[in-house]
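Take a look at the letters that make up each chain.
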Amino acid sequence: MKKMCWIVLCGILILPGLIQAQPGGEEIVIEMTGAASTPQESVSIWDKNARQLTKIFRGKTRTDVLYRVENVSSKDDILPAEDGKEYAFVRYGSDDGDYRKFLFKAEDPQTFLACAADIADVLAVNKKYKVNMGVSRRDFLRRYENQTTLMNLADQTAGTVYQVYKLNYSDINHKKPSPHYFVFENDALIQTYAGDDAYYQFVEELSNRNKEKTQQTQAAQQARQAQLQKERQAALERANRPVRKALVSGGTATDQAYMPRAVNATPLPALTPSKIPAGTPLPTR
């Protein structure tokens with residue numbers, strides 16, 4: 001497609017040579033070629049579910065999504081998967097409210113992989129790609145509370161208590177329900193265990209850490225008690241130790257004959273007689 005651009009040159013300071021070459025202020029025509037870009041329509045995400053958004057953004061890049069969505073994202077990050085792989089992640093909204101979450105490849109050009117519009121979508125994407133897109137406990141319970149069994153696990157090493165929800169879980173990619181364990185800390189999902197074996201291994205590891213922590217605490221308490229007992233015993237021995245006297249200087253003839261003498265002791269100053277006769281009452285104020 002050809003576009004014609006008409007430029008009227010005015011003023012001798014801009015292009016004096018051209019003006020001289022075109023006397024009378026004639027117009028110069030510059031011909032430009034190029035394809036016109038197709039305007040991109042903005043996308044409203046809140047009135048569309050995950051399937052509809054997937055249809056719109058399949059094959060698109062993260063930049064395309066950010067450009068076309070008419071809202072501002074609340075989180076834009078890199079998510080690590082359990083197998084060490086990384087994914088680009090964009091969230092609109094909050095984990096405990098309305099949200100739309102997008103997962104992309106981390107490497108350029110960061111193409112679209114999946115979208116989540118509710119808790120069921122989030123768990124399905126989490127399981128498929130082994131990531132944690134963020135799950136609020138309240139959001140989880142709004143959907144699954146009546147289907148779960150709650151267990152509390154204490155972690156003495158971390159000084160916290162985990163809320164574990166057992167759920168016979170299935171999704172669009174895994175039709176057959178199987179036991180899954182969703183571990184929450186401070187109302188946020190921190191880990192998911194698929195199957196009894198994986199969960200019981202976690203419980204055993206946690207139990208071993210708790211035992212080790214208990215043993216360390218008991219050993220520290222015993223050492224402290226032993227130290228306190230030693231200090232009390234030393235104080236008692238000092239209190240019951242007999243007073244031993246040694247002659248520094250002077251003394252009676254018996255003292256000089258039988259008392260041990262202090263070695264290298266500083267001699268006491270000589271006694272000076274009092275000017276007040278013995279038995280004289282002292283004045284009172």
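A few points on the structure. Given the structure is predicted, the values throughout are model-derived calculations rather than measurements.

Criteria and cut-off values
Residues numbered from 1 in each chain as written. Predicted model: local features only at pLDDT ≥ 70, side-chain atom pairs only at ≥ 80, totals over all residues. Heavy atoms only, no water. Helix = DSSP H or I, 4+ residues; strand = E, 2+ residues; numbered from the N terminus. Buried < 20%, exposed > 50% of the residue type's maximum accessible area, 1.4 Å probe, protein only. Contact = heavy atoms within 4.5 Å. Areas by Shrake-Rupley, 256 points an atom, 1.4 Å probe, with all protein chains shown as cover. Pairing = 2+ DSSP bridges. Axes fitted to C-alpha atoms, helices over the stretch in contact; angles between N-to-C directions. Expected span 1.5 Å × (residues − 1). 1 Å grid on protein atoms, 1.4 Å probe; cavity = no way out; pocket = protein on both sides within 12 Å on 5 of 7 lines; lining within 4 Å. Points joined across faces, edges and corners; volume = space filled by probe spheres on them. Nonpolar A, V, L, I, M, F, W, Y, C, P; charged D, E, K, R; others polar.

Some details on the overall build of the chain
Right, on to step 1. A tally of helices and strands in the chain yields seven helices and ten strands.
Right, on to step 2. In the chain, which comprises 285 residues, the share counted as buried stands at 25%.
Right, on to step 3. Contacts in the chain between residues far apart in sequence, at least 24 positions, make up 40% of those at least 6 positions apart.
Right, on to step 4. Split by element, the accessible area of the chain, about 20300 Å² in all, is 52% carbon and sulfur.

Looking at the sheet that holds strand β5 (residues 99-105)
Right, on to step 1. Read from one edge to the other, the open sheet built from four strands follows the order β3-β4-β5-β6, with strand pairing classed as antiparallel. With one partner strand each, in any of the chains shown, β3 (75-80) and β6 (112-116) form the two edges of the open sheet. Going across the sheet, the axis of each strand differs from the next one's by a mean of 25°, ignoring polarity.
Right, on to step 2. The sheet contact formed by strand β4 (residues 86-93) and β5 spans seven bridges and is antiparallel. Note on β5: the bridge partner recorded for Ala-88 is Phe-104.
Right, on to step 3. Packed on one face of the sheet, helix α2 (residues 50-57) meets β5 and β6 and runs near 160° to β6.

Some details on the sheet that holds strand β7 (residues 148-155)
Right, on to step 1. An order of β7-β8-β9-β10 is seen for the four strands of this open sheet, with the pairing classed as antiparallel. Strands with a single pairing partner mark the edges of an open sheet, and in this sheet they are β7 and β10 (188-194). Taking the axes of each pair of neighbouring strands and ignoring which way they run, one obtains an average angle of 25° across the sheet.
Right, on to step 2. Pairing of β7 with strand β8 (residues 160-169) involves eight bridges; the strand directions are antiparallel. By the bridge assignment for β8, Leu-153 is matched with Tyr-162.
Right, on to step 3. Of the strands in this sheet, β8, β9 (178-185) and β10 touch helix α4 (residues 119-129), which is tilted by about 95° from β8.
Right, on to step 4. Contacts from helix α5 (residues 137-144) reach β7, β8 and β9 within the one sheet, and its direction differs from that of β8 by about 30°.

Some details on helix α6 (residues 196-240)
Right, on to step 1. Helix length check: α6, at 45 residues, gives a terminal C-alpha distance of 65 Å against a target of 66 Å (1.5 Å per residue), a fit within 8%.
Right, on to step 2. On the buried face of α6, the contacting elements are β7, β8, β9 and β10.

Description of the pairing of β5
Right, on to step 1. By the criterion of burial, β5 is predominantly enclosed, with six of the seven residues buried.
Right, on to step 2. Once β4 ends, the chain turns through five residues before running back antiparallel as β5.
Right, on to step 3. As paired strands, β5 and β6 are joined by four bridges and run antiparallel to one another. Following the sheet pairing, Phe-102 is matched in β6 by Cys-115.
Right, on to step 4. The antiparallel pairing of β5 with β6 creates a hairpin that spans six residues between the two strands, and Gln-110 there sits at a positive phi of about 55°.

Some remarks on the pairing of β9
Right, on to step 1. Relative to β9, β8 is paired through seven bridges, and the arrangement is antiparallel. Bridge pairing in β9 links Val-164 to Val-183.
Right, on to step 2. In this sheet, β10 lies alongside β9 in antiparallel orientation, the contact comprising six bridges. Along β10, the bridge assignment pairs Phe-182 with Thr-192.

Overview of the layout of surface pockets
If a probe the size of a water molecule is rolled over the atoms, the empty space left behind becomes visible.
Right, on to step 1. Space inside the largest pocket adds up to approximately 490 Å³.
Right, on to step 2. Lining the largest pocket are 18 residues, with Ala-50, Thr-54, Ala-114, Cys-115 and Ile-172 positioned closest to its centre.
Right, on to step 3. Where the lining of the largest pocket is concerned, the elements lending two or more residues are α2, β6 and α4.
Right, on to step 4. Top contributing element to the lining of the largest pocket by residue count: α4, with six residues.
Right, on to step 5. Residues that form the lining of the largest pocket fall into these classes: ten nonpolar, two polar and six charged.
Right, on to step 6. Size it by volume and the second largest pocket reaches roughly 410 Å³.
Right, on to step 7. If you go around the second largest pocket, you meet 19 residues; those closest to its centre are Glu-82, Asn-126, Lys-130, Gln-191 and Thr-192.
Right, on to step 8. For the lining of the second largest pocket, the elements supplying multiple residues, two or more each, are α4, β9 and β10.
Right, on to step 9. Here the lining of the second largest pocket takes six residues from β10, the largest share from any one element.

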